[in-house]
Amino acid sequence: MNVSQRFKFRYFPSLKWVALAVAALVLLPIVAVLQQAAFVGNDLWLHIWQTVLLDYVSNSLLLMLGVGAGVLMMGVPAAWLAAMCQFPGRRWLDWALLLPLAMPAYIIAYTYTGILDYAGPVQSGLRHLTGWGYGDYWFWQVRSLSGAMAMMVLVLYPYVYLTARATFLEQSSVSMDVARSLGYGRWQAWFTVAVPMARPAIIAGLTLALMETLADYGTVQYFGVTTFTTGIFRTFYGFGDTAGAAQLAAVLLLFVVTLILVERWSRRRQTYHVKAQPRAIAATIVLVGWRGWLACFVCLIPVVFGFIIPAGQLLWWTLFEAHVQWSSFWQLAWNSFYLSALAAVLAVCLALLMAYAKRFYPHRSVRHAVTLAGMGYALPGTIIAIGVMLPLAWLDHRINDAFVWLGWASPGLLLSGTLVVLLLAYCVRFLAVALGGIQSGLGQVSPSLDESAKGMGRNAWDVLRLIHIPLMRSSVLTALLVVFVDVLKELPATLMLRPFDFNTLAVRAYELAADEQLIEAAPASLMIVLVGLIPVLILNRAINRRRRRTA
Amino acid sequence: MTEQQTALLEITDLAIDYGTTHALAGLDLSLQQGQLLCLLGPSGCGKSTLLRAIAGFQDVAAGRIVLANQLMSRAGFNMAPEQRHIGMVFQDNALFPHLTVRANIAFGLHQWPTQEAKQRVESLLSMVGLTGFGERYPYELSGGQQQRVALARAVAPKCSLLLLDEPFSGLDAALREELVPEIAALLKREGITSILVSHDQKEAFAFADQIAVMNHGKIEQLTSAYEIYHKPASRFVADFVGEGDFIVGQVLDNQQVSCVLGNITNGTLAYEAGSKVDVFVRPDDVLHDDSSSTKGRIISKRFRGTHFLYRVELASGEQVACFTDSHHNHGVGEDIGIKLNMEHLLAFRP
């Protein structure tokens with residue numbers, strides 16, 4: 001039929017190839033890292049193995065173990081309480097528990113160091129009260145492995161909290177009712193039904209938190225904990241040893257792939273689950289008296305330590321103690337802003353291309369390409385940095401060779417020495433974020449809408465203009481915003497790839513903290529946290545809307 | 001129902017409040033061993049609330065629920081659901097997605113000796129016709145099979161009463177037509193006393209010995225399907241169960257009513273002569289008869305294969321529905337002769 005043929009977007013058969021190309025882009029750093037790691041002398045590998053690898057592996061594993069246990073203990077009880085119970089302050093805590101999402105791990109690490117180290121207010125106050133002097137007492141050293149665990153738990157537990165709470169709400173009370181009608185008591189039902197049913201979601205949240213743990217550079221570097229990311233960074237910059245760094249990156253990749261597989265596996269079980277319609281408003285358990293206050297206390301701890309104390313301290317430092325040079329501060333803010341905005345627009349455009357490619361060419365290759373493009377998020381910034389740096393540097397050299405051969409002046413590092421390499425790295429890492437938002441937005445534009453418009457004699461452009469753009473506007477804006485904030489917070493890739501003399505808020509905070517000028521780092525840190533709050537508020541609104549729809 | 005027999009379930013003067021609104025008030029209900037009862041009513045009539053109260057998920061504000069001579073609920077007391085030995089099948093079947101069919105059915109047998117539990121599961125699988133499906137997961141079953149597993153799971157611990165909360169509403173019409181009588185027969189055969197909640201009269205007719213029509217938190221009528229349809233006790237029941245229209249009539253004496261369609265004689269009326277009543281006319285009470293002097297104008301018609309359903313406007317401006325067999329094909333706007341052929345006179349105070 002004439003109309004339907006016209007509708008099949010025959011204008012863009014290349015969309016499919018665009019999708020495949022974008023997926024190749026995400027794959028590029030992995031291939032580059034593996035290629036570099038493979039062509040390296042055995043003696044160097046032996047050297048790494050003998051000297052540092054064991055340290056990196058054990059520290060990374062310990063960190064994952066500690067953070068994993070911590071986020072479970074903090075996230076799951078809070079999620080259950082917020083989803084199923086009624087207690088004082090629940091409505092407020094329900095969303096306040098998301099606030100630490102706005103706090104990058106390295107910033108909370110700097111802040112707590114400032115609070116808890118020898119000169120900080122806690123120890124000073126203690127000495128003032130007791131009259132102790134230096135060396136008279138033992139105090140927890142925050143700059144340690146256990147400190148790094150604590151910092152990451154405080155900002156990463158929301159991943160577990162979010163996924164666990166969602167399933168607890170979704171399970172509704174019916175499953176519990178079934179168990180109770182079959183002779184199970186309340187607690188028995190909770191352990192035999194509610195927890196096992198929530199397990200896949202909890203594991204999914206946990207793997208996300210662990211991916212972030214593996215990707216972290218700022219915290220472990222500042223605390224002097226040697227892990228893969230610090231190792232890669234040091235090998236790459238300190239020793240200028242690309243091959244060694246690539247080898248370490250390859251081992252780290254192994255960890256990441258394991259996590260991805262675990263996450264996929266846990267989600268596979270979940271997709272089979274019959275979507276139970278939460279009918280009756282979940283029979284909330286009303287906690288009164290001391291039980292209620294205990295529940296409130298349990299939920300308050302993560303909020304207070306994960307957000308209120310560090311954010312309050314940053315605010316105090318910024319307002320009363322830091323000597324802000326506003327002109328340079330605004331320069332930093334502007335750099336951060338336009339870099340993040342550029343990356344966001346780029347990533348969202350690529351995501352739109354991919355999402356539409358998948359809609360109009362639901363061919364297997366395109367679907368795989370989209371899945372692959374979604375994997376970039378699991379890659380730590382350090383791996384991506386090396387992975388995009390290597391091929392772009394190679395290209396630059398070829399370009400320079402060509403210029404020399406033509407007898408022209410050398411153009412310098414056109415790609416690897418400019419913002420191009422940084423933008424490419426951001427796209428690889430955050431395409432998944434954009435893609436997630438865009439795809440769920442596009443999923444709400446039912447194909448029957450397209451078809452009914454087509455039935456009314458509208459062409460493809462009309463459909464796009466009159467149906468898709470209005471319906472997609474909010475999810476595109478949200479995706480832009482989320483990528484924007486993620487780029488703003490990103491540290492290791494920015495640190496490794498930024499052009500000479502180019503600084504952002506995150507990099508400046510890192511540099512000042514490295515110089516032990518924690519108070520001076522506060523304004524930049526606070527700015528990052530405040531901007532980071534925006535997507536948290538959006539997320540909270542989306543959750544509430546969903547909840548209202550199901551209630 | 002013999003009066004000497006003590007009822008299995010005895011509910012007296014039950015009231016349930018949601019905040020300040022009364023979900024149920026002054027409700028009485030009794031059910032004999034082995035009976036299948038259907039609570040039929042529109043949404044919001046309190047039927048699900050009643051079911052949840054019987055199961056123990058809902059506190060009661062007044063009255064009592066007694067099962068097998070044991071007090072289950074009264075104001076201030078609510079025996080925990082897990083101690084009641086009442087099975088329940090839920091609307092969306094609520095099978096545990098992470099457990100196999102066998103594990104789902106065995107879920108309530110956690111206090112049974114292993115060997116006996118195993119045998120029980122096998123016999124239940126064969127009872128619901130799913131032998132060999134034990135190792136499957138719920139998502140691998142069709143909607144009807146899932147519902148049968150849910151039934152097997154609910155009755156597994158040999159409950160004394162089975163509650164079914166609109167279990168068929170998620171199934172398509174064809175499957176429902178097949179599954180409902182099948183499950184009713186199964187429950188009857190096994191002697192499982194059951195209460196079904198439904199808003200669908202066809203389902204109720206296919207399932208139950210007794211139907212309790214509920215409205216606004218009260219039982220309006222509790223009797224057999226036949227009686228509900230042909231002798232509705234209230235205006236609401238008449239209107240809710242089956243199709244029909246009300247037309248104005250005048251009481252002549254204690255046996256006769258006159259209306260625009262003529263005089264209706266068979267019936268006993270409790271209304272005084274001369275008073276106005278609303279006569280309830282079902283489509284099968286109105287016959288098409290070309291020789292009839294009473295005429296009506298066709299407003300709309302619907303072809304239903306074996307017959308036509310006409311909507312006809314009478315001289316008084318009132319409308320009734322009329323079934324004719326499908327050979328009587330008339331056009332909209334045509335006047336046709338109709339006559340009343342009513343077996344039971346149903347008249348209600350306006």
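Sequence order sets the numbering: in each chain, residues are counted from 1 along the sequence as written. Think of it this way: whatever chain is written first is A, whatever ligand is written first is 1, and the rest follow in order. Owing to the predicted nature of the model, reporting of local features is limited to residues with pLDDT of at least 70; listing and counting of side-chain atom pairs is limited to 80 or more, with chain, interface and lining totals taken over all residues.

Considerations on the overall build of chain A
Keep this limit in mind: Numbered from the N terminus, helices here are DSSP runs of H or I no shorter than four residues, and strands are runs of E no shorter than two. For a compact globule the rule gives 2.2 Å times the number of residues to the power 0.38, and the radius of gyration it is set against comes from C-alpha atoms. Three exposure classes are used, based on other C-beta atoms lying within 10 Å of a residue's own C-beta, which is placed from the backbone: buried for 20 or more, exposed for 12 or fewer, and partly exposed in between. This entry defines residue contacts through backbone-placed C-beta atoms, with two residues in contact when those atoms are within 7 Å.
Along its length, chain A carries 22 helices and two strands. In terms of overall dimensions, chain A is globule-like: its C-alpha atoms have a radius of gyration of 25 Å, near the 24 Å expected for 551 residues. Projecting the C-alpha coordinates of chain A onto the three principal axes gives extents of approximately 75 × 65 × 50 Å. Here chain A, with 551 residues, has 44% of them falling under the buried criterion. Long-range contacts, defined as pairs at least 24 residues apart, comprise 85% of the intrachain contacts of chain A with a sequence gap of at least 6.

Looking at the overall build of chain B
Of the regular secondary structure elements, chain B holds eight helices and 21 strands. A principal-axis box enclosing the C-alpha atoms of chain B has dimensions of 75 × 45 × 40 Å. Looking at chain B residue by residue over its 350 residues, the buried ones come to 41%. At a minimum sequence separation of 6, the contacts of chain B that also span at least 24 residues come to 62%.

Things to note about the confidence of the model for chain B
Reading fine detail from the predicted coordinates is not recommended where pLDDT is low. What counts is decided by this rule: What pLDDT reports is the predictor's confidence in each residue, on a scale of 0 through 100.
For chain B, the mean per-residue pLDDT works out to 87, and 98% of the residues sit at or above 70. Per the prediction output, this complex has pTM 0.75; the corresponding ipTM is 0.77.

Concerning the interface of chain B and chain A
Stated formally: Throughout this entry, Asp, Glu, Lys and Arg are counted as charged residues, while Ala, Val, Leu, Ile, Met, Phe, Trp, Tyr, Cys and Pro are counted as nonpolar. The remaining residues, Gly among them, count as polar.
Each partner contributes to the interface: chain B provides 22 residues, whereas chain A provides 19 residues. Considering every element that reaches the side of chain B that touches chain A, the biggest residue donor is strand S7 (residues 86–89) of chain B, with three residues. Along the lines of polarity and charge, the residues of the side of chain B that touches chain A split into 15 nonpolar, five polar and two charged.

As for the nonpolar core
All names here are of chain A. Let me state the cut-off plainly: Defined on buried residues, the nonpolar core groups Ala, Val, Leu, Ile, Met, Phe, Trp, Tyr and Cys residues joined through C-beta atoms within 7 Å.
Core analysis: the largest hydrophobic core is formed by 270 residues, its most contacted members being Ala347, Leu431 and Val483. The leading source of residues in this core is helix H9 (residues 186–215), at 16 residues. Residue contacts for Leu431: discarding those within four places in its chain leaves Val26, Ala347, Leu350, Ala351, Ala373 and Gly376.

Focus: the packing of helix H7 (residues 145–171) of chain A against helix H13 (residues 289–321) of chain A
Residues and elements named next belong to chain A. Put simply, the test is: Only C-alpha atoms enter the line fits that serve as axes; for helices the fit covers just the stretch in contact. Angles between N-to-C directions range over 0 to 180 degrees. Note on terminology: angles under 35 degrees are roughly parallel, angles over 145 are roughly antiparallel, angles of 65 to 115 are roughly perpendicular, and the others are oblique. A crossing counts as left-handed when the near helix is turned anticlockwise from the far one by less than a right angle, and as right-handed when that turn is clockwise.
At a minimum axis separation of 9 Å, H7 and H13 run at an interaxial angle of 120 degrees. Regarding the angle of H7 to H13, the classification is oblique. For the pair H7 and H13, the sense of crossing is left-handed. Of H13, the residues touching H7 (which contributes Leu154, Val155 and Tyr157) are Pro302, Phe305 and Gly306. The residue makeup of the contact of H7 with H13, split by class, is five nonpolar, one polar and no charged.

With respect to the environment of B:Val197
All names here are of chain B. Positionally, Val197 belongs in strand S9 (residues 194–198). Note on Val197: 25 C-beta atoms within 10 Å, which makes it buried. Considering only alpha carbons, one finds Val197 and Gly41, 156 residues apart in sequence, at a separation of 8.4 Å. If near-sequence neighbours (up to four positions away) are discounted, Val197 is found in contact with Leu39, Lys47, Ser48, Leu51, Leu164, Asp165 and Glu166.

Details of the packing of helix H14 (residues 326–360) of chain A against helix H19 (residues 460–489) of chain A
Angle between the axes and distance between the axes: these two values describe a pair of packed helices. Residue and element names in this part refer to chain A. Running from N to C, H14 and H19 point in directions that differ by 135 degrees, and their axes come no closer than 8 Å. The angle between the axes of H14 and H19 places the two elements in the oblique class. The two elements H14 and H19 cross, and the hand of that crossing is right-handed. Counting all contacts with H14, which are made through Ser336, Leu339, Ser340, Ala341, Ala343, Ala344, Val345, Ala347, Val348 and Ala351, the residues of H19 involved are Val476, Ala479, Leu480, Val483, Phe484, Val487 and Leu488. Looking at the contact of H14 with H19 residue by residue, the class counts come to 15 nonpolar, two polar and no charged.

Some remarks on the sheet that holds strand S5 (residues 70–74) of chain B
All names here are of chain B. The line we're drawing: Here, a strand pair is defined by DSSP locating no fewer than two bridges between the strands.
If you trace the five strands from one edge of the open sheet to the other, you get S2-S1-S4-S5-S6, paired in antiparallel fashion. Bordering the open sheet on either side are strand S2 (21–31) and strand S6 (77–78), each of which pairs with just one other strand. In terms of strand pairing, strand S1 (residues 9–18) meets strand S4 (residues 62–67) through five bridges, oriented antiparallel. Bridging across to S4, Ile11 finds its partner in Ile65. Along the sheet face, helix H1 (residues 47–55) touches S1, S2, S4 and S5 and points at about 65 degrees away from the line of S2.

Some details on the environment of B:Leu67
Residue and element names in this part refer to chain B. Among the secondary structure elements, Leu67 is positioned in strand S4. For the pair Leu67 and Leu31, spaced 36 residues apart in sequence, the C-alpha to C-alpha distance is 9.6 Å. Other than its neighbours up to four places away in sequence, Leu67 contacts Leu8, Leu9, Met72, Arg84, Ser160 and Leu161.

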